[in-house]
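Descriptive structure summary
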Amino acid sequence: GAELFFYVREDRTGRMVAAGAELVGGAGVVGAAAGMTRLPCFSMSQPFASLLLYGHTTVESRTTNMFEGVEGRVAVHVGRRPWKDTAYLDRLNEAGLSAERVKHLCSLPQGFAAGDIIGTVVVGPTHLGSHEERGSAAVEAGVVARRDDMGKYLTPVSDPAWLPRGVTVPGRPGVWEVDV
């Protein structure tokens, strides 16, 4: 098992916040001691964050083109506010998933909470999806939403990886950078 060591700093309001992390493993220290990696990071509501990290979501949709120019590995932060409705449950049930599987996919593992960076994914190129594309079965399944409930900008996501444990940081709108 890997160990994570967190650096903290005081923010402009005097609160202590995570400033970085080191992954300590059998092969030595990776991260800050060897030069931390700066990654783009974005925040999303639960349960979509866990659906993404479990690999169930394969397309991220947004109402703005916030991922324009961002491709490659990015960190995923769970916002503190849960999603506003339960329409995603209809999509999961229509996909034939058991109640137990839905509960699992929509829950964060132990050691993770809202307000944490929970893992990373690889994002592909963002494009403005047409009305027809957003209504396709593949996109609706990948987003876990119906066309009318998703954003117009579509970004493929792949290669999800959970962190060993959550890193609590304040969320921000859009895409920002974190050192991991």
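This text goes with the structure placed above it.
An account of the accompanying structure is given in this report. Computed from a predicted model, the values in this text were never measured in an experiment.

Ranked by internal contacts, the top residues of the largest apolar core, which has 24 residues, are Phe-42, Leu-52, Val-76 and Val-121. Leaving out residues up to four positions away in the same chain, Phe-42 has contacts with Leu-52, Arg-62, Met-66, Phe-67, Val-74, Ala-75, Val-76, His-77, Gly-174, Val-175 and Trp-176.

For any two aromatic rings, the description comes down to two numbers: the centre-to-centre distance and the angle of the planes. Across all of its chains, the model carries five aromatic pairs by this definition. Between Phe-42 and Phe-67, the aromatic rings sit 4.8 Å apart at their centres with planes inclined by 85°, giving edge-to-face as the arrangement. You can see Phe-42 sitting in strand 4 (residues 38–44) and its partner Phe-67 sitting in the loop between strand 5 (59–62) and strand 6 (72–78), a full 25 residues away along the chain. Assigned by exposure class, Phe-42 and Phe-67 land together as buried. Following the ring pairs from residue to residue traces out a cluster consisting of Phe-48, Trp-83 and Tyr-88.

This part is about the side chain of His-77. Assignment of secondary structure puts His-77 in strand 6. Using a relative accessible area of 1% as the deciding quantity, one classes His-77 as buried. A distance of 3.2 Å separates the side chain of His-77 from the backbone oxygen of Gly-115, its partner in a polar contact. Excluding residues within four positions of it along the chain, His-77 makes contact with Cys-41, Phe-42, Ser-43, Met-44, Gly-115, Asp-116, Ile-117, Val-169, Pro-170, Gly-171 and Trp-176.

So, about helix 2 (residues 87–94). Of all the positions in helix 2, only Tyr-88, Arg-91 and Leu-92 are classed as buried. For helix 2, the arc enclosing every buried residue in end-on projection is 95°, short of the 170-degree limit, so these residues lie on one face. Once helix 2 ends, the next one or two residues include Gly-96, with phi positive near 85°.

Mapped onto the secondary structure, Val-169 falls in the loop between strand 9 (153–168) and strand 10 (175–179). Once the C-alpha coordinates of Val-169 and Gly-79 are considered, the two residues, 90 residues apart in sequence, prove to be 9.9 Å apart.

Looking at the secondary structure, you find Pro-164 in strand 9. Owing to a relative accessible area of 42%, Pro-164 belongs among the partly exposed residues under this scheme. Pro-164 sits 52 residues away from Phe-112 along the chain, and the two C-alpha atoms are 9.4 Å apart.

Let us now look at the pairing of strand 7 (residues 116–123). Among the eight residues that make up strand 7, seven are buried, leaving the element largely enclosed by the rest of the structure. Taken together, the six bridges between strand 6 and strand 7 define a ladder with antiparallel strand orientation. The partner of Gly-72 across the bridge, within strand 7, is Val-123. As paired strands, strand 7 and strand 9 are joined by six bridges and run antiparallel to one another. Note that in strand 9 the partner of Val-122 across the bridge is Ser-158.

Rules behind the numbers
Residues numbered from 1 in each chain as written. Predicted model: local features only at pLDDT ≥ 70, side-chain atom pairs only at ≥ 80, totals over all residues. Heavy atoms only, no water. Core = buried A, V, L, I, M, F, W, Y, C linked by side-chain atoms within 4.5 Å. Buried < 20%, exposed > 50% of the residue type's maximum accessible area, 1.4 Å probe, protein only. Contact = heavy atoms within 4.5 Å. Phe/Tyr/Trp six-rings, centres within 6.5 Å; stacked < 30°, edge-to-face > 60°. Helix = DSSP H or I, 4+ residues; strand = E, 2+ residues; numbered from the N terminus. Polar contact = N/O pair within 3.5 Å; in protein donor to acceptor, adjacent residues only side chain to side chain. Arc of directions from axis to C-beta. Pairing = 2+ DSSP bridges.

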